[in-house]
Amino acid sequence: IGFRGVGDEGSSYTLQPEWAPDSQSIVITATTSFQESAHSQPVMGLFQVNLAGGEPRRLTPPDANYTNPSFSPDGSRLAFLSNGTVDKVYYAMDRLAVANWPWDGRIQGLTSSFDRSVGGFAFAADSRSLFFTAEEAGYIRIWTLPTSGGEPQLVSRKSTGVWQSIRIPAKAPGTQLFGLWEAANRPGEVFRLDPSANAPVRLTSFNAGAAAKLDWEPLREFWFTNKLGRPIHSFLALPPGFTETA
């Protein structure tokens, strides 16, 4: 049975290759059961492929989906996402997990009790912590936690917008986060964020001039309680030229 990479909305596939620290192998995301995709979700897993050749070695068990492998700067840990959407589970959040490298089969879940699905993630330069994105009430914020486990702590306190594609250079002085930030009335630009200062700095202005010419009101956010007593979060988009008295 051949290998197939993880898909993006069914249109393209990638093996998400990551070089192992010794540069003698790569870790990929793949499935050996793509023939089941017509009636069920194939189970994705992490495999090690030696550059010298030979059969790929399956690292993760087939009990869940494992994707997005990433090595720590010091080469001692492999981080990845896990998702339990197999068999009759139709929705499960993406969880952040780590394992020792070289691989010994022990997987440590880091966000098992975190009630949000993890998006992107990146190791800190010292390999002792991870930063990740997760949605919260319509926004995507940045969180951090130790690679040894612990309670996720909110890093980005910007009140609006979403963070995406976060990266951390391994040789920068201190921990410097880089990523795309955008809002409903602000096109995406590259920002730098110092987690200790929580002061995002915009580095690009590709769309700032064009956006400034638009009558683009920010979304209005509000909550209400439904008939079941549950809080419902909502946004209101205002049209161009809107005034309170119109």
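Per chain, residue numbering runs from 1 following the sequence as it is written. Where local features are concerned, this predicted model is filtered to residues with pLDDT of at least 70; where side-chain atom pairs are given and counted, the filter is 80 or more; whole-chain, interface and lining totals use all residues. Hydrogen atoms and water are omitted, and side-chain values are computed over all heavy atoms in the structure.

1. Considering the overall build of the protein
Part 1: By definition, any uninterrupted DSSP run of H or I lasting at least four residues is a helix, any uninterrupted run of E lasting at least two residues is a strand, and each is numbered from the N terminus. Each helix and strand in the protein was counted, giving one helix and 20 strands.
Part 2: Here the term buried applies to any residue with accessible area under 20% of the maximum for its type, exposed to any over 50%, and partly exposed to those in between, with areas from a 1.4 Å probe on protein chains only. Looking at the 246 residues of the protein, the share that counts as buried comes to 37%.
Part 3: We call two residues contacting when some pair of their heavy atoms lies within 4.5 Å. Partitioning the intrachain contacts of the protein with sequence separation of at least 6 by distance along the chain shows that 33% fall at a separation of at least 24.

2. So, the sheet that holds strand 4 (residues 25-30)
Part 1: Whether two strands pair depends on DSSP finding at least two bridges between them. Strands sit in the order 3-4-5-6 across an open sheet of four strands; the sheet is antiparallel. Where the open sheet ends on each side, the last strands, each with one partner, are strand 3 (18-19) and strand 6 (57-58).
Part 2: Strand direction decides the pairing type here: strand 4 and strand 5 (residues 45-50), joined by six bridges, are antiparallel. Considered in strand 5, the bridge of I28 is made with F47.

3. Concerning the layout of surface pockets
Part 1: Buriedness of a pocket was judged along seven lines, with at least five required to meet protein on both sides within 12 Å; pockets are open sets of points on a 1 Å grid over the protein atoms alone, cavities are sets where a 1.4 Å probe fits but cannot get out, and lining residues have an atom within 4 Å of a point. Grid points are joined across faces, edges and corners, and a volume is the space filled by probe spheres set on the points. Size it by volume and the second largest pocket reaches roughly 320 Å³.
Part 2: S70, F121, A122, I166 and R167 are, among the 18 residues lining the second largest pocket, the residues nearest its centre.
Part 3: The set of elements that each furnish at least two residues to the lining of the second largest pocket consists of strand 7 (65-71), strand 11 (118-123) and strand 15 (162-167).
Part 4: No other element matches strand 11, which puts five residues into the lining of the second largest pocket.

4. Let's talk about the sheet that holds strand 7
Part 1: Taking strand neighbours across the sheet as the criterion, the four strands line up as 7-8-9-10 in an open arrangement whose pairing is antiparallel. Edge strands, defined here as strands with exactly one partner in the open sheet, are strand 7 and strand 10 (107-109). Each strand axis lies, on average, 30° off the axis of its neighbour in the sheet, ignoring direction.
Part 2: Looking at chain direction, strand 9 (residues 95-100) and strand 10 are connected through three bridges and run antiparallel. Each bridged residue has a counterpart across the sheet, and for A97 the counterpart in strand 10 is G109. In this analysis an axis means a line fitted to C-alpha atoms, helices contributing only their contacting stretch, and an angle means the value between N-to-C directions, from 0 to 180 degrees.

5. Details of the environment of Q48
Part 1: Within the element layout of this structure, Q48 appears in strand 5.
Part 2: Residue contacts for Q48: discarding those within four places in its chain leaves S25, I26, P56, R57, L59 and W101.
Part 3: Identification of polar contacts relies on pairs of N or O atoms within 3.5 Å, with a donor-acceptor requirement for protein atoms, meaning one able to donate a hydrogen and the other able to accept it, and with residues adjacent in sequence counted only if both atoms are side-chain atoms. One polar contact links Q48 to S25, side chain to side chain, over a distance of 3.0 Å.

6. Some remarks on the side chain of T60
Part 1: With respect to the element layout, T60 can be found in the loop between strand 6 and strand 7.
Part 2: When neighbours within four sequence positions are excluded, T60 is seen to be in contact with G45, L46, Y66, W103 and I107.

7. Thoughts on a nonpolar patch on the surface
Part 1: Taken together, the side chains of F222, F224 and L236 make up a nonpolar region of the molecular surface, amounting to roughly 260 Å² of accessible area.
Part 2: For F224, a relative accessible area of 39% translates into the label partly exposed. The patches reported here contain residues having more than 30% relative accessible area and no salt bridge. Joining distances are 9 Å for like charges and 5 Å for nonpolar side chains (Val, Leu, Ile, Met, Phe, Trp, Tyr). Per-residue and other accessible areas follow the Shrake-Rupley method at a 1.4 Å probe size, with only the shown protein chains counted as cover for residues. Whenever a carboxyl oxygen of Asp or Glu lies within 4 Å of a side-chain nitrogen of Lys or Arg, that contact is scored as a salt bridge.

8. Overview of the pairing of strand 4
Part 1: Counting buried positions along strand 4 yields six of six residues, so the element is predominantly enclosed.
Part 2: Residue alternation in strand 4 divides its side chains into two sets, S25, V27 and T29 and I26, I28 and A30, and both sets are buried.
Part 3: Direction of pairing for strand 3 relative to strand 4: antiparallel, over a ladder of two bridges. Note on strand 4: the bridge partner recorded for E18 is V27.
Part 4: Connecting the antiparallel pair strand 3 and strand 4 is a turn made up of five residues, with S23 showing a positive phi of about 65°.

9. Concerning the packing of aromatic side chains
For any pair of aromatic rings, geometry is given as the distance between the ring centres together with the angle between the planes.
Part 1: Only the six-membered ring of Trp is used, alongside the rings of Phe and Tyr, when aromatic pairs are assigned; centres must lie within 6.5 Å, and planes under 30 degrees apart are stacked while those over 60 apart are edge-to-face, with the rest tilted. A complete count under the given rule lists eight aromatic pairs for this structure.
Part 2: Aromatic side chains F114 and F132 sit 5.6 Å apart centroid to centroid with 85° between the ring planes, which places their arrangement in the edge-to-face category. With a gap of 18 residues between them, F114 in the loop between strand 10 and strand 11 and F132 in strand 12 (residues 129-136) connect regions that are remote in the sequence.
Part 3: Under the relative-accessibility criterion, F114 is labelled buried at 7%.
Part 4: Look at F132 and you get buried, because its relative accessible area is 0%.
Part 5: Between W163 and F191, the ring centres sit 6.1 Å apart and the planes meet at 80°, which makes this aromatic pair edge-to-face. Of the two residues, W163 is situated in strand 15 and F191 in strand 17 (residues 186-193); the sequence distance between them amounts to 28 residues. A single burial state applies to W163 and to F191, both of which are buried.
Part 6: Members of the aromatic cluster, joined through ring pairs, are Y66, F80 and W103.

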